[in-house]
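Each chain, letter by letter, is given below.
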Amino acid sequence: MKIIISHDVDWITAWEHKTDFRIPSFIVRGLTEFALGHASLLEFMGRIQSIFRNSWQNINKLMEFDKAKGVPATFFVAVSQGRGLSYSLDNAKAWINAIQENGFDVGLHGIAFEDYSEIQREREIFKEISKTEKFGIRVHGVGVGKASLKLTRDNLELFDQAGYLFSSNTFTVVSPYKAGGIWEFPVHMMDSDLLCQNKKYQCVTYEGAKERTQRLFDESRKKGVKYFSLLFHDTRFNDNFMVAKKWYIWFVEHCIENKLPFISYRDAVRELEAFHHD
């Protein structure tokens, strides 16, 4: 089993959310986790300080860690706004370029998934910024929770028609599969699902997260999953979210110690295509 790691860039600054309810909900969530013992006072105060520092991203720190551990991660960055994703196109351009300059692959964190013309429009904008012809897509808001988007095969086939290299938009414990002509890589584990268990706040301990991870590894092996896909948001790679950060470091080191090789989506597509055509 090979390990694919990706990072969705949902937030860049705090003040990009000054016209929505993200900042109040961020504070309430922090208070809830502190009150229930899932975050320390130091963590909560650090989260409040991050609002005034106007920085909600940890992309550089995460790239530094991934590079040091040999993780060929893919970062998904948006070029449109919607569903609580509010950063500017200028910020998106800056981070797409920075991620590429650091040697990481970058894909589109899409907003459109039903309107084909909008899907194409987003792809063309991202193509122009990244100077990349072929790249993957993950739609913002997909997941397993009740409020999450659930994409269908019809949606995936629209991505195929638009010319995407791959999709990672479903959440089932199976190996990658073809939807039309595009490879769909299901997400097997997402940090928010792992740590929150369908609640609006973190409720799982570090040890509990490790145990749930091992159970999912065991289930994936039994089902013959060839490429295990983890989604970890850069926002949580911070001492203000200590359980999440500590768990991600453990996950990467656990894979290394158990000789589970890392691979990028792009290289996995090459392997699958080579096998598919043999």
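The coordinates are above.
Here we summarise the structure given alongside this text.

Analysis parameters
Residues numbered from 1 in each chain as written. Predicted model: local features only at pLDDT ≥ 70, side-chain atom pairs only at ≥ 80, totals over all residues. Heavy atoms only, no water. Phe/Tyr/Trp six-rings, centres within 6.5 Å; stacked < 30°, edge-to-face > 60°. Helix = DSSP H or I, 4+ residues; strand = E, 2+ residues; numbered from the N terminus. Buried < 20%, exposed > 50% of the residue type's maximum accessible area, 1.4 Å probe, protein only. Salt bridge = Lys/Arg side-chain N within 4 Å of Asp/Glu carboxyl O. Patch = residues over 30% accessible without salt bridge, like charges linked within 9 Å, V, L, I, M, F, W, Y side chains within 5 Å. Areas by Shrake-Rupley, 256 points an atom, 1.4 Å probe, with all protein chains shown as cover. 1 Å grid on protein atoms, 1.4 Å probe; cavity = no way out; pocket = protein on both sides within 12 Å on 5 of 7 lines; lining within 4 Å. Points joined across faces, edges and corners; volume = space filled by probe spheres on them. Nonpolar A, V, L, I, M, F, W, Y, C, P; charged D, E, K, R; others polar. Pairing = 2+ DSSP bridges. Contact = heavy atoms within 4.5 Å. Disulfide = S-S within 2.5 Å. Core = buried A, V, L, I, M, F, W, Y, C linked by side-chain atoms within 4.5 Å.

## A short note on the packing of aromatic side chains
- Evaluated as defined, the whole model comprises 24 aromatic pairs.
- Centroid distance Phe75 to Phe104: 5.6 Å. Interplanar angle 75°. Geometry classified as edge-to-face. In this pair, Phe75 sits in strand β2 (residues 74–77) while Phe104 sits in the loop between α4 (89–101) and β3 (105–110), placing the two residues 29 residues apart along the sequence. Here Phe75 and Phe104 have matching classes, each one buried.

## Focus on the pattern of salt bridges
- Under the defined criterion, the tally for this structure stands at 18 salt bridges.
- Between Glu271 and Lys2 there is a salt bridge, and its shortest N-O distance comes to 2.7 Å. Here the residue Glu271 occupies a position in helix α10 (residues 265–277), and Lys2 occupies one in strand β1 (residues 2–8), the gap between them amounting to 269 residues.
- The exposure class of Glu271 is partly exposed, given its relative accessible area of 31%.

## Things to note about a nonpolar patch on the surface
- A cluster of nonpolar side chains, Phe34, Leu41 and Met45, forms an exposed patch at the surface whose accessible area comes to about 260 Å².
- Tracing the backbone through its elements, the reader meets Leu41 in helix α2 (residues 41–53).
- Judged by relative accessible area, Leu41 falls into the partly exposed class, the value being 49%.

## Section: the layout of surface pockets
- Taken as a whole, the largest pocket spans an internal volume of roughly 1300 Å³.
- Those elements that provide at least two residues to the lining of the largest pocket are α1 (22–35) and α7 (191–196).
- In terms of residue count, the dominant contributor to the lining of the largest pocket is α1 (8 residues).
- Approximately 340 Å³ is the volume found for the second largest pocket.
- Around the second largest pocket, the lining is made up of 16 residues, and of these His188, Met189, Asp193, Arg212 and Leu216 lie nearest the centre.
- Counting residues per element, the ones that place at least two in the lining of the second largest pocket are β8 (189–190), α7 and α8 (206–222).
- Sort the elements by how many residues they give to the lining of the second largest pocket and α8 lands first, with 4 residues.
- When its residues are assigned to classes, the lining of the second largest pocket shows 8 nonpolar, 4 polar and 4 charged.

## A few points about the pairing of β1
- The element β1 is extensively covered by neighbouring structure, given that 6 of its 7 residues are classed as buried.
- Note: β1 against strand β9 (residues 227–231), 5 bridges, orientation parallel. By the bridge assignment, Lys2 is partnered in β9 with Tyr227.

## Description of the side chain of Ser86
- Mapped onto the elements of the fold, Ser86 is located in the loop between β2 and α4.
- Not counting the four nearest positions on each side in its chain, Ser86 is found in contact with Glu16, His17, Asp20 and Gln81.

## A few points about the state of the cysteines
- If you walk through the whole model with that rule in mind, you get 0 disulfides.
- Free of any disulfide, Cys203 has its nearest neighbouring cysteine sulfur in Cys196, separated by 6.4 Å.

## Details of the nonpolar core
- Membership of the largest hydrophobic core comes to 80 residues, with the highest contact counts inside it found for Ile5, Phe159, Trp247, Tyr248 and Phe251.
- The greatest single-element share of this core, amounting to 8 residues, is contributed by helix α9 (residues 242–257).
- For Phe251, the contacting residues outside a window of four places in its chain are Ile3, Ile5, Met189, Thr213, Phe217, Phe228 and Leu230.
- Core analysis: the next-biggest nonpolar cluster, separate from the first, contains 12 residues, Ile4, Phe76, Trp183 and Phe185 among them.

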